[in-house]
Amino acid sequence: MGVPMVRRLMGAVSGLFLAVAMPALAFAAEGTETSFEAAERSMDPAADWTTIMIVTALSLGGLFLLATLGYMYRRERNLDWEFQKPDAPHHDAHH
């Protein structure tokens, strides 16, 4: 596993963490209000909330799996275009 792949995995993990942590922090901050008006406006989650969350999580997992398989297929078949490859080093630039 190369360095770019590790960076992608770390980016995905940190993005997932932030996607879960930020709403939790926002809800925790709302709980500190002492006004009764804020409590009256809040809504309870829908009855099918857990089903929606499970389907969303599975869909995102499937999307990431599909992207990973596509990336591995492209790398295995060497399907890179010329503009994606790094430029050859220029040795005359130092003179």
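Structure shown above.
No experiment lies behind these values; they were computed from the predicted model shown.

Peer 1: Explain helix H3 (residues 49–76) here, please?
Peer 2: Here H3 contains 28 residues, and its C-alpha end-to-end distance of 40 Å stays within 8% of the 40 Å for a straight helix at 1.5 Å per residue. Of the residues one or two after H3, Asn-78 is the one with positive phi, at around 55°.

Peer 1: Just to check I follow, could you spell out unusual backbone geometry for this structure?
Peer 2: If a residue is not glycine, its phi is most likely negative; likewise, a peptide bond is most likely trans. For Asn-78, which is not glycine, the phi dihedral falls at a positive 55°. Structurally, Asn-78 can be placed in the segment after H3.

Peer 1: Teacher, can you tell me more about a nonpolar patch on the surface here?
Peer 2: Taken together, the side chains of Phe-17, Leu-18, Met-22 and Leu-25 make up a nonpolar region of the molecular surface, amounting to roughly 440 Å² of accessible area. In this fold, Leu-18 is placed in helix H1 (residues 3–30).

Cut-offs applied
Residues numbered from 1 in each chain as written. Predicted model: local features only at pLDDT ≥ 70, side-chain atom pairs only at ≥ 80, totals over all residues. Heavy atoms only, no water. Helix = DSSP H or I, 4+ residues; strand = E, 2+ residues; numbered from the N terminus. Expected span 1.5 Å × (residues − 1). Patch = residues over 30% accessible without salt bridge, like charges linked within 9 Å, V, L, I, M, F, W, Y side chains within 5 Å. Areas by Shrake-Rupley, 256 points an atom, 1.4 Å probe, with all protein chains shown as cover. Salt bridge = Lys/Arg side-chain N within 4 Å of Asp/Glu carboxyl O.

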